[in-house]
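Observations on chain architecture
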Amino acid sequence: MVFVYTGKGRRQAQNNDAPPEQRLCAKQACAIQWCLAKRDHKEHLCKAFIDEWQNCCDKVRAATAAAAMKEEGAEKEVGTKK
């Protein structure tokens, strides 16, 4: 189970209904939080981690869109066979 930092040292289980990029890119998001905490919340020092997270989100969104397009095409194909 993936845990999400909620502040004040508390950890909370991630919701199953969270967006796909949130669920699949949690490791990169945690790396950003770790980096910011270690570097006094200076974003420019954590640019590599932020870029890695953004790339992960882009890949997940692209895969989700491709799956939706494929599913939509399958539904149209079933509709024309009737």
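What you are looking at is a predicted structure, and each value in this text was computed from that prediction instead of being measured.

Calculation criteria
- Residues numbered from 1 in each chain as written.
- Predicted model: local features only at pLDDT ≥ 70, side-chain atom pairs only at ≥ 80, totals over all residues.
- Heavy atoms only, no water.
- Helix = DSSP H or I, 4+ residues; strand = E, 2+ residues; numbered from the N terminus.
- Buried < 20%, exposed > 50% of the residue type's maximum accessible area, 1.4 Å probe, protein only.
- Contact = heavy atoms within 4.5 Å.
- Disulfide = S-S within 2.5 Å.
- pLDDT = per-residue confidence, 0-100.

**Side note on the side chain of Q28**
Checked against the element boundaries, Q28 lands in helix α2 (residues 26-38). Look at Q28 and you get buried, because its relative accessible area is 16%. Filtering out sequence-adjacent residues up to four positions away, Q28 remains in contact with E52, W53 and C56.

**Thoughts on unusual backbone geometry**
Notably, D40 is not glycine yet its phi reads approximately 55°, a positive angle. By the secondary structure assignment, D40 is in the loop between α2 and α3 (47-81). Positive phi, normally seen in glycine, also occurs at H41, with a value near 55°. Note on placement: H41 falls in the loop between α2 and α3.

**Some words on the environment of L24**
With respect to the helices and strands, the residue L24 is situated in helix α1 (residues 20-24). Along the chain, L24 and C56 lie 32 residues apart, while their C-alpha atoms are 8.0 Å from each other. Apart from residues no more than four positions distant in its own chain, L24 is found in contact with C56 and V60.

**With respect to the state of the cysteines**
Taken as a whole and judged by the stated rule, the model has 2 disulfides. Disulfide partner of C25: C56, at an S-S distance of 2.0 Å. Judged by the torsion about the S-S bond (-90°), the C25/C56 disulfide is left-handed. In this pair, C25 is assigned in the loop between α1 and α2 and C56 in helix α3, connecting sequence segments 31 residues apart. For the pair C25 and C56, a shared accessibility class is recorded, and that class is buried. A disulfide bridge connects C35 with C46, and the sulfur atoms are separated by 2.0 Å. A torsion of -95° about the S-S bond marks the disulfide between C35 and C46 as left-handed. Here the residue C35 occupies a position in helix α2, and C46 occupies one in the loop between α2 and α3, the gap between them amounting to 11 residues. Each bonded cysteine of the protein chain is numbered by sequence order, and under that numbering the disulfide pairs are 1-4, 2-3.

**Observations concerning the confidence of the model for the protein chain**
Here the protein chain averages 82 in pLDDT, and 72% of its residues register 70 or above. Here strand β1 (residues 3-5) is the element of the protein chain with the lowest mean pLDDT, 55, and α2 is the one with the highest, 94.

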